[in-house]
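Listed below are the residues making up each chain.
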Amino acid sequence: MAALLLAIFALGSKKSRFAVLAIALLMGSAMMSLRQQSLESSAIKRYLGTSVHLRAQIVTDPSMTNTAKYSFLARALTIETQDHFYKLRIPIRILTSDESVTSLLPGQIISGEFRVVSSKEGRVAALALIESTIVIETPPSKWASLLGKIRLGLRQISGDGDSGALIPGMVLGDTSKQNAQFKVAMKRSGLMHLVAVSGANFAIISSFVLWGAQFLIPRMRWRLGATALFLIAFIALVRPSPSVLRAAAMAAVMLLAQSSKRPSDSLPALGFAIAAVVMADPWQARDAGFALSVLATAGLLLFAPILIARLSSKVPSLVAHALAVPMAAMLFCSPVLVALSGYLSPMSIVANVLAAPAVVPITILGFMAALIAPVFPLVATLIVAIIRIPASFIASIAHWAAGFPVISLQSGRVGFIIVAILIALIWGLKKFRKVLIASILALIIALALFGRFPGGDWDVVQCDVGQGDSLVINLGSQSAVVIDVGPDAALVDACLKSLGVEKISLLILTHFHADHIDGLAGLLKNRSVHQTWISNNNDPQMQSERVKLLLQSSELRTVRSGMSTKVGNLLIKVLWPDSNVQLFDSLPGDGSTINNSSIAILVSSPDFTLFAGGDIEPPVQAQLIGDISRVDIYKVSHHGSAYQDLRFMEVLDPAAALISVGAGNSYGHPAPKTIAALNKLGALVYRTDRDGAIAITARSHQLSVRSSKAGFKFFRLG
């Protein structure tokens with residue numbers, strides 16, 4: 001309370017306008033500590049690794065993850081075991097493969113048997129895995145149902161294709177219709193921020209309503225009231241989630257700035273909004289979306305007026321406003337956007353400039369169409385038909401810009417620092433601004449053209465496919481052996497394109513879990529597959545049937561231990577599975593018989609040896625010890641999970657260990673003890689979440705390794 005009073009006092013003092021920013025940080029830290037302590041002391045922590053009967057209230061809409069599971073935030077209300085019953089109110093994340101959860105809406109209460117495991121996500125006390133049929137205890141409220149119908153209505157009338165998928169994303173932040181290829185294109189082109197509800201969305205809506213209200217309402221006070229009502233409707237439409245509420249707080253700052261006509265005095269208001277958000281939800285301070293909302297709002301306050309003044313002398317005022325708002329927001333957000341993507345895209349600036357005129361009409365008209373769709377569906381459909389034209393334009397820009405090379409960075413932090421320094425220089429050195437901009441663009445384009453990964457010869461590449469697996473072995477003449485295809489069609493396609501692979505002589509799908517096979521459509525895009533190896537365990541049935549359907553033109557072989565083949569200069573031996581499917585006890589976490597049915601192979605060539613075993617776990621690893629020996633390259637099993645046989649790794653004694661893993665995954669992969677064990681053996685460990693794609697060149701068992709983010713090499717004699 002004292003900190004809040006200090007913040008209010010700071011708002012009234014011009015000399016102390018920046019003090020509120022520091023106060024916001026202090027309040028956020030204090031609130032974060034208190035919330036973290038409440039999570040750690042929660043009763044749910046006592047049941048980690050066990051199954052309990054859980055009753056919970058849904059907080060966010062269920063959405064599909066990269067591993068083909070559905071995830072949503074909930075509030076745990078009760079925990080019941082045979083001996084105890086607890087009432088609580090603690091945030092958790094629920095994960096399930098049950099598609100029926102997509103019909104659930106925020107506010108509904110569900111119950112069932114859940115397995116509770118620890119989570120690395122700071123804002124939740126635990127991760128709850130659904131083990132039985134969910135019992136829906138309460139129907140959705142009329143208000144939630146109405147909002148759901150409006151969102152569904154816009155989704156339905158927006159049509160097919162990338163333009164139809166873009167409209168709900170730009171208007172409501174609903175990306176459910178966007179396919180993997182389009183998401184990658186939006187990310188690589190630097191346009192991904194357009195489909196996240198942020199302060200910029202609210203600023204566009206509020207600016208439009210405030211501008212239009214002047215023709216109907218003469219007094220500014222009443223115009224502000226009308227604008228506030230529209231913003232409340234917009235909040236309801238996109239759901240009052242924490243991300244939306246923080247964006248609304250930023251929009252309130254914009255309204256204050258426009259009402260006072262003194263933009264410089266709105267900085268304390270921005271600080272106050274930051275303080276209010278972090279007090280209500282301290283984990284927002286660690287959320288990239290929060291940073292983007294704050295920076296977008298700062299850009300609109302500080303830079304948009306300058307752009308409008310410059311552009312108004314060359315184009316009509318309305319056009320100047322339409323261009324200035326998204327351009328200012330993009331410029332200030334660019335350090336964080338680069339940090340999130342892990343690369344610099346030379347064409348992102350051009351893409352954003354070209355897309356800027358289309359952002360405002362799509363946002364405003366799309367909002368109007370969503371509101372009137374339940375009452376006047378034909379009018380809403382007509383409006384959407386109009387904005388599909390600029391939406392198609394943005395989609396085309398995204399695909400065009402995504403085709404250009406990008407500069408991969410060692411880490412997001414490096415990218416953030418580089419871009420922040422460049423913006424500061426351009427902002428501060430006004431006399432040299434044009435020269436700096438021209439020099440920076442020339443340097444970025446040159447680096448992108450000549451620093452492309454993998455930059456020459458390569459023998460083995462661990463593709464960066466997120467939380468999944470895909471390994472490529474070069475056979476020359478644009479042909480390769482591919483082991484697994486990851487969860488994302490666009491990512492595996494992009495990896496194979498960068499490697500110039502057009503023919504797959506042998507495709508090995510180690511097992512049928514989604515994170516190893518769901519990217520198959522991307523591999524098959526304009527490529528032929530001569531032969532495919534699959535495991536003798538066809539579970540999960542739905543996924544194995546889909547794989548077989550897609551690979552009808554390929555020779556399909558179910559392999560077992562003892563089989564071998566020669567492909568180019570590679571000798572590939574199958575070490576596992578046995579001829580019959582074996583049952584294994586499930587390990588804690590996500591261990592399963594399916595994992596232990598993975599195909600395990602030993603690859604030998606004149607220049608290197610490699611072992612890859614899908615997701616095999618200690619029971620199988622122990623059985624293989626007598627069949628393996630030292631290798632140059634070890635594709636670490638099961639994404640480096642904690643469940644490894646140490647003796648197995650000691651026998652392999654790899655020079656390089658490759659771990660394919662998604663950044664910030666909820667499984668805790670890779671486990672610190674697995675990394676430590678590999679380091680103890682002297683292996684140099686590379687992981688895709690930090691290093692990006694990893695390319696290895698081998699000459700007589702001497703390895704040269706390069707990663708797409710770090711771009712460095714090391715050498716080690718075999």
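Coordinates for the structure precede this section.
Everything numeric in this text was worked out from a predicted model, so none of it was measured. Counting from 1, residues in each chain are numbered in the order their sequence is written. Whole-chain, interface and lining totals are the exception, using all residues; otherwise, since this is a predicted model, local features are given only for residues with pLDDT of at least 70 and side-chain atom pairs are given and counted only at 80 or more. Processing note: side-chain calculations cover all non-hydrogen atoms of the structure and skip hydrogens and water entirely.

(A) Local environment of the overall build of the chain. Of the regular secondary structure elements, the chain holds 24 helices and 25 strands. The 718 residues of the chain split such that 52% are buried. By the convention used here, residues are in contact when the closest approach between their heavy atoms is within 4.5 Å. A separation threshold of at least 6 residues defines the contact pool for the chain, and within that pool the share at least 24 residues apart is 67%. Of the roughly 31,700 Å² that the chain leaves accessible, carbon and sulfur atoms contribute 62%. Each helix is a run of DSSP H or I of at least 4 residues and each strand a run of E of at least 2, with the numbering of both proceeding from the N terminus. Residue burial is assigned from relative accessible area. The probe radius is 1.4 Å, only protein chains are included, and a residue is buried under 20% of its type maximum, exposed over 50%, and partly exposed in between. Working definition of accessibility: Shrake-Rupley area with a 1.4 Å probe, residue cover restricted to the visible protein chains.

(B) Geometry of the state of the cysteines. Our working definition of a disulfide is a cysteine sulfur pair at a distance within 2.5 Å. Overall, the coordinates contain 1 disulfide when judged by the stated rule. Across a sulfur-sulfur distance of 2.0 Å, Cys 463 and Cys 495 are joined as a disulfide pair. Its S-S torsion of about -75° marks the bond between Cys 463 and Cys 495 as left-handed, since a negative value means left-handed. You can see Cys 463 sitting in the loop between β10 (460-462) and β11 (471-476) and its partner Cys 495 sitting in helix α17 (residues 489-499), a full 32 residues away along the chain. There is no split in this pair, since Cys 463 and Cys 495 are both buried.

(C) Quick peek at the sheet that holds strand β22 (residues 684-687). When DSSP finds two or more bridges between a pair of strands, those strands are recorded as paired. With mixed pairing, the 7 strands of this open sheet are ordered in space as β16-β17-β18-β19-β20-β21-β22. At either margin of the open sheet sits one strand with a lone partner, and together these are β16 (564-567) and β22. Strand after strand, the sheet turns through a mean of 20° between neighbouring axes, direction not considered. Examined bridge by bridge, strand β20 (residues 633-635) and strand β21 (residues 656-659) share 3 bridges and lie parallel to one another. Note on β21: the bridge partner recorded for Ile 633 is Ala 656. Only C-alpha atoms enter the line fits that serve as axes; for helices the fit covers just the stretch in contact. Angles between N-to-C directions range over 0 to 180 degrees.

(D) Inspection of a nonpolar patch on the surface at higher detail. Taken together, Phe 208, Trp 211, Phe 215, Leu 216, Leu 318 and Met 368 make up a surface patch of nonpolar side chains, about 690 Å² in accessible area. In this structure, Phe 215 sits in the loop between α6 (199-213) and α7 (220-238). What makes Phe 215 exposed here is its relative accessible area of 59%. Each patch is built from salt-bridge-free residues with over 30% relative accessible area, joining like charges within 9 Å and nonpolar side chains (Val, Leu, Ile, Met, Phe, Trp, Tyr) within 5 Å. Any Lys or Arg side-chain nitrogen found within 4 Å of a carboxyl oxygen on Asp or Glu counts as a salt bridge.

(E) How the structure looks around the pairing of strand β23 (residues 694-699). Of all 6 residues in β23, 5 are buried; the element is thus mostly enclosed. Note: β10 against β23, 3 bridges, orientation antiparallel. Following the sheet pairing, Gln 462 is matched in β23 by Ile 694. With 6 bridges joining them, β23 and strand β24 (residues 702-707) adopt antiparallel strand pairing. Within β24, the position partnered with Arg 699 by the bridge is Gln 702.

(F) Expanded view of the nonpolar core. We define a nonpolar core as any set of buried Ala, Val, Leu, Ile, Met, Phe, Trp, Tyr and Cys residues linked to one another through side-chain atoms lying within 4.5 Å. If you look at the biggest cluster of nonpolar residues, it comprises 57 residues, and the most contacted ones within it are Leu 166, Met 170, Leu 191 and Ile 394. Sort the elements by how many residues they give to this core and helix α14 (residues 377-402) lands first, with 11 residues. Excluding anything up to four places from it in sequence, Leu 191 contacts Met 186, Ala 351, Asn 352, Ala 355, Ile 394, Ile 397 and Ala 398. One finds Val 603, Ala 655, Leu 658 and Leu 703 within the second-largest nonpolar core, a separate group that totals 30 residues.

(G) Structural context of α14. Over its 26 residues, α14 extends 35 Å from the first C-alpha to the last, a length consistent with the 38 Å expected when each residue adds 1.5 Å. A residue's bend is simply the angle between two axes: one fitted to the seven residues ending at it, one to the seven starting at it. At Arg 388, α14 is deflected by roughly 30°, the largest bend along its length, and proline Pro 390 occurs up to four residues later in sequence. The complete set of buried residues in α14 reads Ala 380, Ile 383, Val 384, Ile 387, Pro 390, Ala 391, Ile 394, Ala 395, Ile 397, Ala 398, Ala 401 and Ala 402. The length a helix should cover is 1.5 Å for every residue beyond the first.

(H) Here's a closer look at the side chain of Ser 158. Along the chain, the position of Ser 158 falls in the loop between α3 (142-157) and α4 (161-172). The term polar contact refers here to a pair of N or O atoms within 3.5 Å; inside protein, the definition further demands a hydrogen-donor-capable atom paired with an acceptor-capable atom, and it admits residues adjacent in sequence only when both atoms are side-chain atoms. Within the structure, the side chain of Ser 158 is placed 2.9 Å from the backbone oxygen of Gly 164, a separation counted as a polar contact. If we ignore the near neighbours within four places in the chain, the residues touching Ser 158 are Gly 164, Ile 167, Pro 168, Lys 177, Val 384 and Arg 388.

(I) Main features of the pairing of β21. In β21, alternate side chains face the same way, and those of Ala 656 and Leu 658 on one face and Ala 657 and Ile 659 on the other are all buried. Read as a crossover between parallel neighbours, the route from β20 over helix α22 (residues 646-652) to β21 is right-handed. Pairing between β21 and β22: 4 bridges, direction parallel. Within β22, the position partnered with Ala 656 by the bridge is Leu 684. With helix α23 (residues 672-680) bridging β21 and the parallel β22, this β-α-β connection has right-handed handedness. Every crossover in which the path from the first strand over the helix to the second runs clockwise, viewed with the strands pointing away from the viewer, is termed right-handed.

(J) Highlighting the side chain of Thr 674. Tracing the chain through its elements places Thr 674 in helix α23. In this structure the side chain of Thr 674 is engaged in a polar contact, spanning 2.7 Å, whose partner is the backbone oxygen of Ser 641. In this view, Thr 674 contacts Val 636, Gly 640, Ser 641, Ala 642 and Gln 644; residues no more than four positions away in its chain are not counted.

(K) Up close: the environment of Pro 62. Counting through the fold element by element, Pro 62 comes out in the loop between β1 (50-58) and β2 (63-64). Expressed as a C-alpha distance, the spacing of Pro 62 and Phe 72, which sit 10 residues apart in the sequence, is 4.7 Å. Those residues in contact with Pro 62 that lie beyond four places of it in its chain are Ser 71, Phe 72, Val 101, Thr 102 and Leu 104.

(L) Focus on the pattern of salt bridges. A full pass over the atoms with the stated rule returns 12 salt bridges. We note a salt bridge from Arg 527 to Asp 493, for which the minimum N-O separation is 2.9 Å. Residue Arg 527 is found in the loop between α19 (520-523) and β14 (528-534), and its partner Asp 493 is found in helix α17; the two are separated by 34 residues along the sequence. Take Arg 527 and Asp 493: they sit in the same class, and that class is buried. Look at the salt bridges and you will find they share partners, linking Asp 493, Lys 497, Lys 525 and Arg 527 into a network.

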